Amino acid sequence: RRAVDFDANLTTVSEIPPQFHEALAYKVISQGYTRGDNPNIQMAQYFDMLYQKAVKDAKKYAKGRKVSTGFIKPVDF
C-alpha cells in the first residue's frame, strides 16, 4: 500500500515508519545538489546512493512484515 501524499496542511501525520523519514531527506538533498547555477553531481550521487540503500531496506522491512495465518489440518482418507 502507498502512503497518503502530503498536502499544504502540515498537520497531516506521515504513514511512513519513522526509521525511513531520513530517506526522504536524502532524496531532497540529492535533488537540491542537482539544481541551481552550480550543481554538485558527486554530492548528488552520494545522497542518491544513501536514498537507494534506504529504499532497499524499506522493501526488506515491508516484505518481512507479511503475516500469514492459517494452518494445515491433517485429514485421513
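Here, every reference points to the structure presented above.
Residues numbered from 1 in each chain as written. Predicted model: local features only at pLDDT ≥ 70, side-chain atom pairs only at ≥ 80, totals over all residues. Heavy atoms only, no water.

S.K.: What should I look at first to understand the overall build of the protein chain in this one?
M.R.: Check the secondary structure of the protein chain and you find two helices and zero strands. Relative to the 2.2 N^0.38 estimate, which gives 11 Å for 77 residues, the radius of gyration of the protein chain is 20 Å and therefore markedly larger than a compact globule would have. In the protein chain, 35% of the contacts between residues at least 6 apart in sequence involve partners at least 24 apart. Accessible surface computed for the protein chain: about 7,300 Å², of which carbon and sulfur atoms make up 56%. Taking the 12 positively charged and 8 negatively charged side chains of the protein chain as two groups, their mean positions are separated by 8 Å. (Helix = DSSP H or I, 4+ residues; strand = E, 2+ residues; numbered from the N terminus. Rg over C-alpha atoms; globule rule 2.2 N^0.38 Å. Contact = heavy atoms within 4.5 Å. Areas by Shrake-Rupley, 256 points an atom, 1.4 Å probe, with all protein chains shown as cover. Lys, Arg positive; Asp, Glu negative; His and termini not counted. Charge placed at Lys NZ, Arg CZ, Asp CG, Glu CD.)

S.K.: Just to check I follow, could you spell out helix α2 (residues 41-64) for this structure?
M.R.: A turn of α-helix holds 3.6 residues, and therefore any two residues three or four places apart point the same way. Counted at 1.5 Å a residue, the expected span for α2 with its 24 residues is 34 Å, and the 34 Å between its end C-alpha atoms agrees. For α2, the full list of buried residues reads Ala 44, Phe 47 and Ala 54. (Expected span 1.5 Å × (residues − 1). Buried < 20%, exposed > 50% of the residue type's maximum accessible area, 1.4 Å probe, protein only.)

S.K.: Before we go on, may I ask you to explain the pattern of salt bridges in this structure?
M.R.: Close approach of charged atoms lets side chains of opposite charge pair. For the coordinates displayed, the defined rule picks out two salt bridges. In this structure, Lys 27 engages Asp 48 in a salt bridge whose closest nitrogen and oxygen atoms are separated by 3.6 Å. Within this pair, whereas Lys 27 is found in helix α1 (residues 21-34), its partner Asp 48 is found in helix α2, the two being separated by 21 residues in sequence. You can call Lys 27 partly exposed: its relative accessible area is 28%. The partner of Lys 53 in a salt bridge is Asp 57, and the shortest N-O contact between them spans 3.3 Å. Residue Lys 53 and its partner Asp 57 are both found in helix α2; the two are separated by four residues, about one turn of the helix. Among the residues examined, Asp 57 registers a relative accessible area of 31% and is labelled partly exposed. (Salt bridge = Lys/Arg side-chain N within 4 Å of Asp/Glu carboxyl O.)

S.K.: Can you walk me through the environment of Thr 11 in this structure?
M.R.: Within the secondary structure layout, Thr 11 lies in the segment before α1. A sequence separation of 29 residues divides Thr 11 from Asn 40, and the C-alpha atoms of the two residues are 33 Å apart.

Bear in mind that shape data such as this cannot, by itself, settle questions of function.
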